[in-house]
Amino acid sequence: MKYKKINEATVQCIISEEDMEEYGLTLADIFERNEKGEGFLRDVVERAHEEVGYRLRGDNIAMQITPIRDEGLVITFSDASMAGFHNMLEHLKEVLAGFSQENMQEAAKALANRETKPQSIVEENCRVFVFSSMNNILRYCSSIPTEWTVRSNLYKLENSYYLVVEKMRLSRNNFNRISVHAVEFSNIIIPTQETLMYLEEHGECLIRNKAVSRLRKLCLSH
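This is a predicted model, so every value here is computed, not measured.

### A short note on the packing of aromatic side chains
According to the stated counting rule, one finds 5 aromatic pairs in the structure shown. Here the aromatic rings of Phe131 and Tyr140 are separated by 5.8 Å at their centres, their planes lie at 40°, and the arrangement is tilted. Neither residue differs from the other here; Phe131 and Tyr140 are each classed as buried. Every member of this aromatic cluster is reached through a ring pair, and the members are Phe129, Phe131, Tyr140 and Phe185.

### So, helix α6 (residues 134-142)
By the burial criterion, the buried members of α6 are Asn136, Ile137, Tyr140 and Cys141. For α6, the angular spread of the buried residues around the axis is 130°, confining them to a single face. Where α6 is buried, its residues touch β5 (126-131), β6 (151-157), β7 (160-166), α7 (172-183) and α9 (211-220).

### Considering the nonpolar core
Phe129, Phe131, Tyr140, Val150, Leu154, Leu163 and Ile178 are the most contacted members of the largest nonpolar core, which has 24 residues in total. Broken down by secondary-structure element, the contributors of at least two residues to this core are β5, α6, β7, α7, β8 (187-190) and α9. By residue number, the principal contributor to this core is α7, which donates 4 residues. Each residue touching Leu163, except ones within four places of it in the same chain, is listed here: Arg127, Val128, Phe129, Phe131, Tyr140, Ser152, Asn153, Leu154, Ala211 and Val212. Counting residues in each nonpolar core, the second largest holds 20 residues, with Ile15, Met20, Leu25 and Leu27 among its members.

Here is what the cut-offs are and how they apply
- Residues numbered from 1 in each chain as written.
- Predicted model: local features only at pLDDT ≥ 70, side-chain atom pairs only at ≥ 80, totals over all residues.
- Heavy atoms only, no water.
- Phe/Tyr/Trp six-rings, centres within 6.5 Å; stacked < 30°, edge-to-face > 60°.
- Buried < 20%, exposed > 50% of the residue type's maximum accessible area, 1.4 Å probe, protein only.
- Helix = DSSP H or I, 4+ residues; strand = E, 2+ residues; numbered from the N terminus.
- Arc of directions from axis to C-beta.
- Contact = heavy atoms within 4.5 Å.
- Core = buried A, V, L, I, M, F, W, Y, C linked by side-chain atoms within 4.5 Å.

And the structure:
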């Protein structure tokens with residue numbers, strides 16, 4: 001694993017295919033956030049102190065996870081301060097340059113085919129999907145079944161689009177399936193309250209509450 005300290009609040013870690021094999025991990029473990037995946041992510045954060053002198057200054061942490069070519073990952077995490085999250089978003093463009101569509105599709109396939117397992121961790125009720133273009137957002141929204149009601153806000157910050165999706169009345173299985181589909185089109189951030197506040201204050205809210213349904217209708221009408 002290779003660490004890069006962006007600033008006092010934010011660290012980036014490159015995970016190679018060999019690192020994944022050493023831990024006995026798959027992309028599904030990471031995106032499913034099962035016990036094995038959670039343990040690995042905690043280890044990544046803890047090792048940052050030894051590698052680059054990073055100290056977690058609070059209990060909350062925002063984490064951005066990106067599959068890259070050669071079956072690896074780039075994990076960027078921040079201690080939930082707005083400044084740290086801003087830097088995390090700034091470095092997202094650099095990470096997106098390493099996207100591999102084949103790897104993203106493999107991750108989605110692995111998640112879609114997994115068996116449902118009981119979760120022993122605290123499960124997230126909100127996720128942020130980062131898109132590089134409006135076309136990718138439209139393609140994603142059109143893949144969500146029309147009978148699913150998804151509470152979602154769409155923001156624009158600089159040249160990227162941020163779709164904030166909340167679980168609300170969706171089943172945990174359907175909420176995870178939404179994330180599975182998002183892997184093919186976007187990058188996933190597991191947010192803290194601070195990250196959501198940052199988007200609300202600094203981003204331009206394009207659609208409030210019903211972003212998925214409105215964009216889905218737009219696609220279906222054409």
